[in-house]
4 protein chains.
Amino acid sequence: MNSFGRNFRLTIFGESHGPAIGVVVDGIPAGVALSIADFESDLRRRQSGAVGTTPRHEADTPEILSGVLDGHTTGAPIAILFRNENTRSGDYSHLATHPRPGHADFVAKEKFAGYNDLRGGGHFSGRLTLALVAAGVVAKKIVAPALPSAQIVELGGSGNKAEWDNIIATAQSEGDSVGGIIECRVEGMPIGVGEPFFDSLESIIAHLTFSIPGVRGVEFGDGFGSARMRGSQHNDLIINANGTTATNGAGGINGGISNGNPVVFRVAVKPTSSIAREQQTYNFDTGQVEPLRIGGRHDVCIALRAAVVVEAIAAIALAELMAERELKMEN
Amino acid sequence: MNSFGRNFRLTIFGESHGPAIGVVVDGIPAGVALSIADFESDLRRRQSGAVGTTPRHEADTPEILSGVLDGHTTGAPIAILFRNENTRSGDYSHLATHPRPGHADFVAKEKFAGYNDLRGGGHFSGRLTLALVAAGVVAKKIVAPALPSAQIVELGGSGNKAEWDNIIATAQSEGDSVGGIIECRVEGMPIGVGEPFFDSLESIIAHLTFSIPGVRGVEFGDGFGSARMRGSQHNDLIINANGTTATNGAGGINGGISNGNPVVFRVAVKPTSSIAREQQTYNFDTGQVEPLRIGGRHDVCIALRAAVVVEAIAAIALAELMAERELKMEN
Amino acid sequence: MNSFGRNFRLTIFGESHGPAIGVVVDGIPAGVALSIADFESDLRRRQSGAVGTTPRHEADTPEILSGVLDGHTTGAPIAILFRNENTRSGDYSHLATHPRPGHADFVAKEKFAGYNDLRGGGHFSGRLTLALVAAGVVAKKIVAPALPSAQIVELGGSGNKAEWDNIIATAQSEGDSVGGIIECRVEGMPIGVGEPFFDSLESIIAHLTFSIPGVRGVEFGDGFGSARMRGSQHNDLIINANGTTATNGAGGINGGISNGNPVVFRVAVKPTSSIAREQQTYNFDTGQVEPLRIGGRHDVCIALRAAVVVEAIAAIALAELMAERELKMEN
Amino acid sequence: MNSFGRNFRLTIFGESHGPAIGVVVDGIPAGVALSIADFESDLRRRQSGAVGTTPRHEADTPEILSGVLDGHTTGAPIAILFRNENTRSGDYSHLATHPRPGHADFVAKEKFAGYNDLRGGGHFSGRLTLALVAAGVVAKKIVAPALPSAQIVELGGSGNKAEWDNIIATAQSEGDSVGGIIECRVEGMPIGVGEPFFDSLESIIAHLTFSIPGVRGVEFGDGFGSARMRGSQHNDLIINANGTTATNGAGGINGGISNGNPVVFRVAVKPTSSIAREQQTYNFDTGQVEPLRIGGRHDVCIALRAAVVVEAIAAIALAELMAERELKMEN
C-alpha cells in the first residue's frame, strides 16, 4: 500500500507523467508552525541541476491543500500537491514490450496486467520521492531538535569527495552510471524511541529506506563490519549516567530503542538503471534478446539526489516512533 | 508493538524467565495441514546444543491452543505456546544498576521506568525468536513451494566453513564472541509479490529482519557492492519470456516486486553481547565505570541459531505479501 | 486518523472553506473501468439544490490526479480532488467564543488548542462527505453486482413520503430542522463476506457509518426491535441449499459474515444542528449564556443528502471485506 | 482479523471446546498495578449461574503469561489465558448438515470450507467474550477515572426490572429466549477523546460493540429518537466554561470527540438463538426443511451476561482513543 505509519501517517500518490504528485500527512499536532517557505531548502536539494543529474527540470512548487491555516497546522490532515509540468511522454511508448534492465517495467506489466502507467516509470518513478521529501519537512518539525542529517560518504566506490566530479564525468561520457553510499546521523536523540521487535527503530527506518527506489542495503552502527568483530570490540561501554557510550557500534540503538547516542545508519544506492549506452533486453514481441537504447532524461548518479530523501524518511521514522514513546511514557 | 502484518498477522509475547513464550498467527486460510510434527525440524535448528551455543536447554515443545483441528487449520487464529522450564533467575539481579554493554538493560530501564522484567533480558531476550520460528513454520505452509532457505555464509570474518569450529573455539577460550553473515535465498518465486514503496518486498523483509535481536545490516542482491558498480554491470538482462535474468544483482526484486528470479538477501549478525571476559560498565549506584563479569549461560555466536529465524521471517514476509498479490490479481 | 481500511484504503483531507477537499483510494486492482462520468450521478445526489438543502452550491467537479489512465485503473493509488469555490468565510468569525450548539466548535477548540479551522466547521464539515461519496463510486466498481442502495424511509418522524415536503417546509418556516432514518439494502450478496469479531461486517459498516457527521444510531435487520422479540420469532429459518432464509431478522449477517441474503441496515440521522432560529449558547468571552443567531447557509434536513453517503460507506465496507474474503478463499 | 487497536491493541484466540481462550493486550504503559484479583469481579459478572444463564459452568481462572511482574505491568504485551474445562463436545456433531437458525454454522461452513470447529460454535462462540472482558479489565486501569458502567435497561420488551425474572421464567418454560437493551454510561470523561471521521469515538465504540456476538444495534445519546426530533430540541446548550450542556442528546460526543459530558450509548441484544423448542432448518443431506432440536446448554437471555462485555469494549475504545488524544496534545 502507499501509506505508512500509525501515528505519523503519510499517503503518497502520483505518476511521473500524470497530472500531479502528492502526499497526505496525518497525525500532526495542531499549532506547529509550517509554511511553503519551510519546504524550499529540502526540495531544492532533491532537485536536478547539479552535475550528474537529469536535465528534466520541474519547479516542484508545493501547494498546501489542507491542514494549515495562518502559518500553523490545524490538527487536520495536511495534503501537499506538486503539479507535473515538464513531461515528455513520447519517450516511453515501447517499454511494454522492451522492458528496461533494472527497471520495474517487466514486473509492473505482469502485476498490473498491462494497465500500469508506463510513462517515465509511472508510479514507480523516483519522482515520487518528492512526496517523501515533503512529508519529511513536516516530520522534521515534529522531531526537532533530533534532526537527521544525511550526506554521501562514498560515490562510485570512492570515499574521497575530491574525486567525485571526475567519476561522474567519466561515467557520463561512457554512457554509464554510478552508485553511492549515504550516511545519515541523528544527533540530540532522546532515550527511549523505538520498541522491541516489530517497531524497533531499525525496523521502521529500514522499512522506509527500502521504500526509496534504488536502495540495495541498510546498516546501522558498525553494520556489516560488526559481523567481523569480536563482542569485546563491538560492545559499547556506557561511560556516564546519561547513557553516553565510549564507542557507537550499535548506531545509537539497543533492543530496538534509542540509547541517547547519535543514531547512525548507512544506505547503499545502486547505480542509475537508465543508462545512455546500448543494453540488451528481451523483446516480448519478437521473443529475442535485442539491443535497447533508452531515451528520456536521467541522472548519472541517483545517490546525489537521494541524501535528502534518506534524511526525510529518517525524520518520518522518528516522528512515528516518538509519538509512540510519548504514549508509553504518559501513564 | 508486538504484532506485524495486515494479511498474515503475528503477535508475540513472553519473557525469557516468565511462564511462557507464545505467538498468535492470524489470517491463515482454513484447510492447511498443520500438526505439532511440522514444528520439530525448525525448532531444533533454533535450539542450543551445538558448539558455540548456550548450555541452557529448553524442550521447546509447542502447544497449539487454537485454530487447528484434526490436523488442519480452521481459519481461526492459531495460538502456539511454549512453557519456559529451564530458568535460573538468580543470575540477573544486578542488571538494573550495572547495565550490560550491548544489551537493552539501560534503555529498558529508562523506557519502562524500571518496571521491565530484567531476568534474562525479559521481553528483549533472543528467546522470543522461538515465537518467530513457530510463526515461520506456519508461514512456510502458505508460501510453499517458494520456500526460503537460509544459512551462514561467513562466521567470524571467514567464508571458509572449515575454519568455523576453530574460530568459535578460540573465541570461547578467550571469553569472547563472534558475529556472522546469513544468506537467505528463495527459489521458485512467483512474479508480482510486493508493492511499490511502503510495501515493497525489501521493506517488509528488512522490517522483519531488524526485529531479530542482534541484526546490524540487510542487503539485497549485489547489496552494498552495487554502490561500487557501474549501471552497466549491475543491471540484470532479461533473457526469456519468464523474466529470467542473466545476472541477479537486484536480488530478484524490481520496484519492490518479485521478478521471478530467486530472492536473495544477506543479514549481518553482531557478535553475542554477553561475553565471559570482564568488561567495563557504568555503575548507576556508585556513578563510576567499573568492571562487570556477566554470569548466565550464553551463545558464543548467535548467528549459529539465527539462520532459521531469518528463514522464518522471510517466509512471514512472503506470506504477508503473497496475500496482497492474490488480492490485486483477483479482480 | 483520516484513513480507513486495510485492503480498500481511503484517506480523506480538506476543510469546508480551504482550497480543496480530496480523497486517496488505494488497493484498487488494475484494469477497472473508471472515468469522470462515473462520479456524476452520485455526486449530484449528494449536492444541494432540492427543497430543504443549503443554497451554497458547489460544482463538485472531480479531478482525478493519479491512478487512472485511458479510462482504467492502473493499480496505483487514485487521488481525487474537488476545489472549493463558493466559500463565504466572513460568516464564521465568532465561533471560537460562541460555539454553536450541536457542532464541534467547542471540542475542536479544546482539542486543537484554538488552531483548528473554524470556517464552515473546517475539517468537521459535512462537506467532507464529498470525499466519501467519491470513494464510494470507486468501491461500487469493486463490489458490483452487490451494489448497496440507500434511501430515506422516515423523515421528521413520518414514514409517509407524501408528507415530507410539508414537514420540511414547516420546519424551515419555523427556522428549525428535522432528522430522518435511512435504510440501506445490498442485494446480490455473496456468502462469506466479513469475519468473526473485530472485522465483522456489522463492525466495519457501523464504524464507517459513524464517520458520517450527524449519525446517532445504526441497526441491522430487526435491529432494536429484536431486543423485544422471542428467539423463536427472530431466528431466520434456512429454506434452501443457497442459505436463503424465510425471514431476514439478522439483516443478512450471521457471526459477522454475510449469509447470502440481502444485507439490511438503518441509520438514524439527527436534525441539522445549524438552525435559523435564535438559540442560547455559552459566550466564552463574557462567561454568560447568551442568544446566538447562526448565519451561513444550511440544510433543513441533512438526511436528504446523506442517503448517497450511507450507500458510499456501505460499498467501501464491502470492498474492504470482499478483498479479505478472497484472501481467505485462496489457499 | 482477530485483533483491534493501534494504541491499545488486543488479539483474541480460542474456541468454545478447544484447549483454551486467550487474549494478548499490547500498548500498556509500564508500572500499572495489575493482578489476578483485578479480574475477579468482571469475570464473575460474565459468568453463568444466575436465572436465565447456561448451566455450563467454567471456573474462568485467568493465567497471566507475560507482561506483568511483581503486581505491575512491565510495558511488554500481556497474555492472559483461560483453560476450557467443562466441555461436552458430543452435543454438536450434526451441525455441519443441520445448521442452527440464527447461528454462524452455515456461513462458517461456507467460508472455511468445512474446516471450522463446529463444537459449541467454535471460534464464533460467545465464550470468546471472556477474552474481551479480560482485556476490558486492563483497559479500565488505563481510562480510570473515566470508567464505563453498563447495565440492562430493557429485557424482553420491559423496562421494569421487577418483571424481568418472570419474563425469563416464562420464556424458559416455553423453550424460548428473550433479548434486551444495555445502556452504558461513562462519567468523568475528559474533553477531546476521539477524532473526526474514521476514529470518531462513536466509530470505535460501535466497531467494538458489533464485535460482540448477538448485537443488532447501537445508538448514542438521543439515538434513533433524534431522527424524530427538531434541531431546536436535539441541540445541547452549553451552560458553562467546562462545556457542560443542559441536555445530552449528543451522548457526550460532538464531531466524533468527547465534549466532557457523560458518554451514553445503548446496545440492542437479540434473543438467544439456541432455544430448546423445536425449530425448522434446512437439512443439507436430505435437501429438506426438517425439525431441529438443539441440545447443549444455553442462556435464555444473553443480554444478562453481555452488560459487562459492553462495559469492557467501552473501556477498550476509550483506552485506544485516549492514547491518541495524549499524542495530539503532546506537541
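Residues numbered from 1 in each chain as written. Chains lettered and ligands numbered in written order. Predicted model: local features only at pLDDT ≥ 70, side-chain atom pairs only at ≥ 80, totals over all residues. Heavy atoms only, no water.

### Some words on the overall build of chain A
Here's step 1: Regarding its fold elements, chain A presents seven helices and 15 strands.
Here's step 2: Relative to a compact globule of 331 residues, whose C-alpha radius of gyration would be 20 Å, chain A shows 21 Å and is just as compact.
Here's step 3: The principal-axis extent of the C-alpha atoms belonging to chain A is close to 65 × 55 × 40 Å.
Here's step 4: The 331 residues of chain A split such that 67% are buried.
Here's step 5: For chain A, long-range pairs separated by at least 24 residues make up 72% of all intrachain contacts whose partners lie at least 6 apart in sequence.
Here's step 6: Working note: accessible area of chain A is about 9,700 Å², and carbon and sulfur atoms make up 48% of it.
Here's step 7: Counting 28 positive and 36 negative side-chain charges, chain A places the centres of these two groups 2 Å from one another. (Helix = DSSP H or I, 4+ residues; strand = E, 2+ residues; numbered from the N terminus. Rg over C-alpha atoms; globule rule 2.2 N^0.38 Å. Buried < 20%, exposed > 50% of the residue type's maximum accessible area, 1.4 Å probe, protein only. Contact = heavy atoms within 4.5 Å. Areas by Shrake-Rupley, 256 points an atom, 1.4 Å probe, with all protein chains shown as cover. Lys, Arg positive; Asp, Glu negative; His and termini not counted. Charge placed at Lys NZ, Arg CZ, Asp CG, Glu CD.)

### Digging into the packing of aromatic side chains
Here's step 1: Summed over the entire model, instances satisfying the criterion amount to 26 aromatic pairs over all chains.
Here's step 2: Relative to Phe 284 of chain A, the ring of Tyr 282 of chain A lies with its centre 4.9 Å away and its plane at 85°, an arrangement referred to as edge-to-face.
Here's step 3: Given the relative accessible area of 9%, Tyr 282 of chain A is considered buried.
Here's step 4: Residue classification places Phe 284 of chain A among the partly exposed positions, given a relative accessible area of 22%.
Here's step 5: Connected via pairs of aromatic rings, a cluster forms that spans Phe 106, Tyr 282 and Phe 284 of chain A.
Here's step 6: Directly above the aromatic system of Phe 284 of chain B lies the positively charged group of Lys 109 of chain B, at a separation of 3.7 Å from the ring centroid. (Phe/Tyr/Trp six-rings, centres within 6.5 Å; stacked < 30°, edge-to-face > 60°. Lys NZ or Arg CZ within 6 Å of the ring centre and 35° of its normal.)

### Brief notes about the relation of the copies chain B and chain A
Here's step 1: Screw-axis analysis of chain B against chain A gives a translation of 0.0 Å along the axis, an RMSD of 0.0 Å, and a rotation angle of 180°. Accordingly, the operation relating the two chain copies is best matched by a two-fold axis.
Here's step 2: A shared binding surface is used by both copies, with 100% of the interface residues of chain B retained as interface residues in chain A. (Least-squares fit on C-alpha atoms with pLDDT ≥ 70 in both.)

### Brief notes about the confidence of the model for chain A
Here's step 1: Looking at chain A as a whole, the pLDDT averages 93, with 96% of positions reaching at least 70.
Here's step 2: Scored as a whole, the predicted complex attains pTM 0.97, and scored at its interfaces, ipTM 0.97. (pLDDT = per-residue confidence, 0-100.)

### Overview of unusual backbone geometry
Residues and elements named next belong to chain B.
Here's step 1: With omega at 10°, the peptide bond leading from Ala 144 into Pro 145 counts as cis.
Here's step 2: In this model, Asp 60 sits at a positive phi of 55°, which is unusual for a non-glycine residue.
Here's step 3: In this structure, Asp 60 sits in the loop between helix H1 (37-46) and strand S4 (63-64).
Here's step 4: Looking at Asp 60, the relative accessible area reads 6%, which means it is buried.

### Digging into the sheet that holds strand S3 (residues 20-26) of chain A
Residues and elements named next belong to chain A.
Here's step 1: The antiparallel open sheet is built from five strands, whose spatial order is S1-S2-S3-S7-S4. Looking at which strands have only one partner, the edges of the open sheet turn out to be strand S1 (3-4) and strand S4 (63-64).
Here's step 2: Taken together, the six bridges between strand S2 (residues 9-14) and S3 define a ladder with antiparallel strand orientation. Bridge pairing links Ile 12 to Val 23 in S3.
Here's step 3: Across the face of the sheet, helix H3 (residues 129-143) comes into contact with S2, S3 and strand S7 (78-83) while running at roughly 30° to S3. (Pairing = 2+ DSSP bridges. Axes fitted to C-alpha atoms, helices over the stretch in contact; angles between N-to-C directions.)

### Comments concerning the sheet that holds strand S3 (residues 20-26) of chain C
All names here are of chain C.
Here's step 1: Strand order in this open sheet of five strands is S1-S2-S3-S7-S4, and the pairing throughout is antiparallel. The open sheet has two edge strands with one neighbour each: strand S1 (3-4) and strand S4 (63-64).
Here's step 2: The pairing of S3 with strand S7 (residues 78-83) spans six bridges and is classified as antiparallel. Paired with Ile 21 across the strands is Phe 82, a residue of S7.
Here's step 3: Across the sheet, helix H3 (residues 129-143) touches strand S2 (9-14), S3 and S7, and the angle it forms with S3 is around 30°.

### Re the interface of chain B and chain A
Here's step 1: Contacts between the two partners involve 101 residues from chain B, matched on the other side by 101 residues from chain A.
Here's step 2: At the boundary of chain B with chain A, total buried surface from both sides reaches about 8,000 Å², with 64% on carbon and sulfur atoms.
Here's step 3: Taken together, the links from chain B to chain A amount to eight salt bridges.
Here's step 4: Among the salt bridges present, the one from Glu 195 of chain A reaches Lys 111 of chain B, with a minimum N-O distance of 3.3 Å.
Here's step 5: On inspection of chain B and its partner chain A, the count reaches 40 residue pairs in polar contact (both at pLDDT 80 or more).
Here's step 6: Here the element with the most residues in the side of chain B that touches chain A is helix H5 (residues 201-209) of chain B; it accounts for six residues.
Here's step 7: Grouping the constituent residues of the side of chain B that touches chain A by class yields 44 nonpolar, 38 polar and 19 charged. (Buried area = accessible area lost by both parts, 1.4 Å probe. Salt bridge = Lys/Arg side-chain N within 4 Å of Asp/Glu carboxyl O. Polar contact = N/O pair within 3.5 Å; in protein donor to acceptor, adjacent residues only side chain to side chain. Nonpolar A, V, L, I, M, F, W, Y, C, P; charged D, E, K, R; others polar.)

### A short note on the environment of Gly 249 of chain D
Here's step 1: Within the secondary structure layout, Gly 249 of chain D lies in the loop between helix H6 (231-234) and strand S11 (253-254).
Here's step 2: It is 41 Å that separates the C-alpha atoms of Gly 249 of chain D and His 57 of chain D, two residues lying 192 residues apart in sequence.
Here's step 3: Those residues in contact with Gly 249 of chain D, other than ones at most four positions away along the chain, are Arg 216 of chain C together with Phe 220, Gly 221, Asp 222, His 234 and Asp 236 of chain D.

### Here we look at the pattern of salt bridges
Here's step 1: Taken as a whole and assessed by the stated rule, the structure comprises 89 salt bridges over all chains.
Here's step 2: Note that Asp 299 of chain A is salt-bridged to Arg 305 of chain A, the shortest N-O span being 3.0 Å. A single burial state applies to Asp 299 of chain A and to Arg 305 of chain A, both of which are buried.
Here's step 3: Here Arg 44 of chain B makes a salt bridge to Glu 40 of chain B, at a shortest N to O gap of 4.0 Å. With Arg 44 of chain B and Glu 40 of chain B both in helix H1, this residue pair falls four residues apart, about one helical turn.
Here's step 4: Several salt bridges converge on common partners, so that one network encompasses Asp 42, Arg 45, Lys 140 and Glu 311 of chain A.

### With respect to the nonpolar core
Here's step 1: Among the nonpolar cores identified, the biggest contains 154 residues, and Phe 265 of chain A together with Phe 265 of chain B are the most heavily contacted of them.
Here's step 2: Beyond its immediate stretch of four places on either side in the chain, Phe 265 of chain A contacts Ile 182, Glu 183, Cys 184, Ile 205, Thr 209, Val 218, Glu 219, Phe 220, Val 310, Ile 313 and Ala 314 of chain A.
Here's step 3: Formed by 152 residues, the second largest nonpolar core is a distinct cluster that contains Ala 135, Ala 171, Ile 204 and Val 269 of chain C. (Core = buried A, V, L, I, M, F, W, Y, C linked by side-chain atoms within 4.5 Å.)

### A word on the packing of helix H1 (residues 37-46) of chain C against H3 of chain C
Residues and elements named next belong to chain C.
Here's step 1: Contact geometry of H1 with H3 gives a least axis separation of 10 Å together with a crossing angle of 140°. As far as their axial angle goes, H3 and H1 are oblique. For the crossing formed where H1 meets H3, the hand is right-handed. For the pair H1 and H3, contact is made by Asp 38, Phe 39, Asp 42, Leu 43, Arg 45 and Arg 46 and by Thr 129, Leu 130, Val 133, Ala 134, Val 137, Val 138, Lys 140 and Lys 141, respectively.
Here's step 2: Considering only residue class, the contact of H1 with H3 consists of seven nonpolar, one polar and six charged. (Parallel < 35°, antiparallel > 145°, perpendicular 65-115°, else oblique. Left-handed = near helix turned anticlockwise from the far one by under 90°.)

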